[in-house]
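Tertiary structure, described
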Amino acid sequence: MSDMTDPKTPSAAIYGCAGLSLGAEEEAFFRAANPFGFILFARNCENPGQLRDLVAALRASVGRDDAPVLIDQEGGRVARLKPPHWRAAPPASYFGRMASHDRARAHEALRINTTMIAAELTDLGIDVDCVPLLDLQFLWAHDVIGDRSFGGDPELVADLGRVVCETMLECGVMPIVKHIPGHGRARVDSHKELPVVDTGAAELAATDFKPFQALADAPWAMTAHVVYTALDADRPATTSQGVISGVIRGQIGFDGLLLSDDLSMEALRGSLGERAQASLGAGCDVALHCNGKPEEMEQVAAAVGPLTAEAQRRIAAGRARLGRPEAVDQAALQRRLDGLMNIA
């Protein structure tokens, strides 16, 4: 296989892998494609020793110790690391309910919870967590967001999202705010079909966009595969130059690294190569492909080029904000968290 990108600059892609270890063909593909990074799912996570080996093998395949390795470890129903080897953390909505009547206690509990998640990840070599969700919760919407959201109040969501972002950074883990500019109103699951939101631009600006605007200084963000008819009736945010330049970069003011959501989700149309080209052409910095299917990854790799200079600038700016991971007493933190959660 010939090299697909400039060998010195990583390609503008992040890939998943198929299983618990890296196969020879996967290793050869990653070596040739030279992706920016990788993402893990439950299919890749069996036990700590196995996972450390897989993370090391992924980085070795591209010859970069700093290749980011992502995971969705939110807590609640979206957690790739599960008992018995890893802790079952509460969903975001728990802290939102707590904050509605005791903001200070919620802040402390959320900081502890986030610190514990970050410590579990750094122990495994994982350095990026796809949190926090800044999507608002709407009770009439599809529950693909649901209790993954801190709640329906934009100020509260922004406030608690800030706690997660800052704590993750302090602990040496890169956070990713999602799903910009807002997935909460979707009436269908974007993993299965394309959500269309007909809410007016002024209302979106006053509600859904607010948490993202408040955290416009976040280092990384992930797009929403959602059509907002008031902004672009033909294309979801991920592939809409108007939404990315006019709203995400302009109105919201986000200048960090922008990742597409998973290109293999059924909300998008076209071949995987066409999806990758459309997302990067619209203004995403990195194309994310998660399912580990070789034929799909080949299509993406053929369609993407190296990271742009702007993307590299944004990556460097984010890394400059990372603290150094430190060992924590998980048992002591759990006791403190239990105490906070048991207060009526």
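Scroll up to find the structure.
Residues numbered from 1 in each chain as written. Predicted model: local features only at pLDDT ≥ 70, side-chain atom pairs only at ≥ 80, totals over all residues. Heavy atoms only, no water.

It is the contact of helix α9 (residues 272-282) with helix α10 (residues 294-303), at a shortest axis distance of 7 Å, that shows an interaxial angle of 40 degrees. Looking at the two axes, α9 sits oblique to α10. Crossing of α9 over α10 shows right-handed handedness. Between α9 and α10, the contacting residues are Leu272, Gly273, Ala276 and Gln277 on the first element and Glu296, Gln299, Val300 and Ala303 on the second. For the contact of α9 with α10, the residue count by class is 4 nonpolar, 3 polar and 1 charged. (Axes fitted to C-alpha atoms, helices over the stretch in contact; angles between N-to-C directions. Helix = DSSP H or I, 4+ residues; strand = E, 2+ residues; numbered from the N terminus. Parallel < 35°, antiparallel > 145°, perpendicular 65-115°, else oblique. Left-handed = near helix turned anticlockwise from the far one by under 90°. Contact = heavy atoms within 4.5 Å. Nonpolar A, V, L, I, M, F, W, Y, C, P; charged D, E, K, R; others polar.)

Another point: empty space enclosed by the protein. Under the counting rule described, the total for this entry stands at 2 cavities of 30 Å³ or more. Of the pockets and cavities examined, the largest cavity occupies roughly 180 Å³. Surrounding the largest cavity, 22 residues form its lining, Glu74, Ala92, Val131, Phe150 and Val164 being those nearest its centre. Of all the elements in the fold, those that place two or more residues in the lining of the largest cavity are β4 (73-75), α3 (92-101), α4 (103-124) and α5 (154-170). A per-element tally of the lining of the largest cavity places α4 first, with 4 residues. Roughly 40 Å³ of volume is contained in the second largest cavity. Arg162, Cys165, Glu166, Leu169, Leu215, Asp217, Ala218, Pro219 and Arg321 are the residues that line the second largest cavity. Its residues assigned to classes, the lining of the second largest cavity comprises 5 nonpolar, no polar and 4 charged. (1 Å grid on protein atoms, 1.4 Å probe; cavity = no way out; pocket = protein on both sides within 12 Å on 5 of 7 lines; lining within 4 Å. Points joined across faces, edges and corners; volume = space filled by probe spheres on them.)

Here we come to the packing of aromatic side chains. This model, assessed by the stated rule, comprises 7 aromatic pairs. Between tyrosine 15 and phenylalanine 30, the ring centres sit 6.2 Å apart and the planes meet at 20 degrees, which makes this aromatic pair stacked. One end of the pair, tyrosine 15, is in strand β1 (residues 11-15); the other, phenylalanine 30, is in helix α1 (residues 24-33), and 15 residues separate them in sequence. Of the two residues, tyrosine 15 and phenylalanine 30, both sit in the buried class. Among the aromatic residues, those joined into a cluster by ring pairs are Tyr15, Phe29, Phe30 and Phe38. (Phe/Tyr/Trp six-rings, centres within 6.5 Å; stacked < 30°, edge-to-face > 60°. Buried < 20%, exposed > 50% of the residue type's maximum accessible area, 1.4 Å probe, protein only.)

Here the bond from proline 83 into proline 84 is cis, since omega is 10 degrees, no more than 30 degrees from zero. Positionally, proline 84 belongs in the loop between β5 (78-79) and α3. Look at the link from valine 131 to proline 132: it is a cis peptide, with omega at 5 degrees. Structurally, proline 132 can be placed in the loop between β6 (128-129) and α5. Phi is positive for asparagine 34, close to 50 degrees, though the residue is something other than glycine. Here asparagine 34 shows up in the loop between α1 and β2 (35-40).

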